[in-house]
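# Observations on the model geometry
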Amino acid sequence: DAHDAAEVARRYRDEELDALQARSSEDARRQVQHIRDAHDQVAELNLEASHLRVELAASKAVAEESCTVVEKTSAELEARVKEVQDLESQEEQSARKLQRAVRQSTDELEELHKSHRVEVEQSRDEILELQSKCQSLHVSSQTQDEENKSVL
C-alpha cells in the first residue's frame, strides 16, 4: 500500500506538473500576446509620431515664411515711417521759412504803408498849399483885372 500511496503521490505530482505546465504555457502565451500588442502600439505611436514630425516640419516652414514676410513688412513700414517723418520735418522747416517770409513781408508792407501815408500827407499838404496859392493868385489876378479894367 505504500506502493499505492507512492503511485497516487506520483500521479498527483504529475497532474500538478501538467496543470502547472499548462498554466505556464497559457501565461507565456498571454505574455507573448501582450508583448505583440505592445509592439503594435509602439509601431502605431511611431507612425503617428512620424506624421506629427511631418506636420511639425510643414508648420515650421510656414512659420518661418510668415516670419520672413513679417520682417520684410516691418522693414518696409519702418522705411515708410522714416520717410513720413522726413517729409514732416521738411514740411515743418518749410512752414517756419514761410512764416518768417510772411512776417518779413508784413513788416515790409507796414513800413511801406507808413512811408506812403507820410508821402500822401505831405502831398496833401502840398496840394492844399498849392490850392491856397492858386486861390490867392486867382484873387490877385481878378483884382488886377479889375484894376486894369478900371484904368482902361
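Heads up: the structure comes first, above all this text.
This report concerns the structure included in the present document. These numbers come from a predicted model, not from an experiment. (Residues numbered from 1 in each chain as written. Predicted model: local features only at pLDDT ≥ 70, side-chain atom pairs only at ≥ 80, totals over all residues. Heavy atoms only, no water.)

## Considering the overall build of the protein chain
- Broken down by element type, the protein chain carries one helix and zero strands.
- Compactness check: the protein chain gives a C-alpha radius of gyration of 63 Å against a globular reference of 15 Å for 152 residues, more than 25% above the reference.
- Seen along its three principal axes, the alpha-carbon backbone of the protein chain occupies a region of about 210 × 25 × 20 Å.
- Approximately 14,100 Å² of the protein chain is accessible, and the part contributed by carbon and sulfur atoms is 55%.
- Distance between charge centroids for the protein chain: 3 Å, based on 21 positive and 36 negative side chains. (Helix = DSSP H or I, 4+ residues; strand = E, 2+ residues; numbered from the N terminus. Rg over C-alpha atoms; globule rule 2.2 N^0.38 Å. Areas by Shrake-Rupley, 256 points an atom, 1.4 Å probe, with all protein chains shown as cover. Lys, Arg positive; Asp, Glu negative; His and termini not counted. Charge placed at Lys NZ, Arg CZ, Asp CG, Glu CD.)

## Looking at a positive patch on the surface
- On the surface, Arg 96, Lys 97, Arg 100 and Arg 103 cluster together to form a positively charged patch.
- Residue Arg 96 is classed as partly exposed on the basis of its relative accessible area, which comes to 41%. (Patch = residues over 30% accessible without salt bridge, like charges linked within 9 Å, V, L, I, M, F, W, Y side chains within 5 Å. Salt bridge = Lys/Arg side-chain N within 4 Å of Asp/Glu carboxyl O. Buried < 20%, exposed > 50% of the residue type's maximum accessible area, 1.4 Å probe, protein only.)

## Some points on the environment of Arg 96
- Its place among the elements puts Arg 96 in helix α1 (residues 2-151).
- Placed 51 residues apart in sequence, Arg 96 and Leu 45 show a C-alpha to C-alpha distance of 73 Å.

## Examining the pattern of salt bridges
- As enumerated under the stated definition, the model contains eight salt bridges in all.
- For Arg 29, the salt bridge goes to Glu 26, with nearest N and O atoms at 2.7 Å. One end of the pair is Arg 29 and the other is Glu 26, both in helix α1 and three residues apart, which spans about a single turn.
- Judged by relative accessible area, which is 31%, Glu 26 ranks as partly exposed.
- For Lys 133, the salt bridge goes to Glu 129, with nearest N and O atoms at 3.6 Å. You can see Lys 133 and its partner Glu 129 sitting in helix α1, four residues apart, about one turn around the helix.
- Taking relative accessible area as the criterion, Glu 129 reaches 47% and is therefore assigned partly exposed.

## Considerations on a negative patch on the surface
- Together, Asp 37, Asp 40, Glu 44 and Glu 48 line one region of the surface with negative charge.
- By the element assignment, Glu 48 lies in helix α1.
- According to the relative accessible area criterion, Glu 48 is partly exposed, its value standing at 46%.

## Topic: the environment of Ala 5
- Within the secondary structure, Ala 5 is located in helix α1.
- Overall, Ala 5 belongs to the partly exposed group, its relative accessible area being 45%.
- Sequence separation between Ala 5 and Glu 55 is 50 residues; the distance between their C-alpha atoms is 73 Å.

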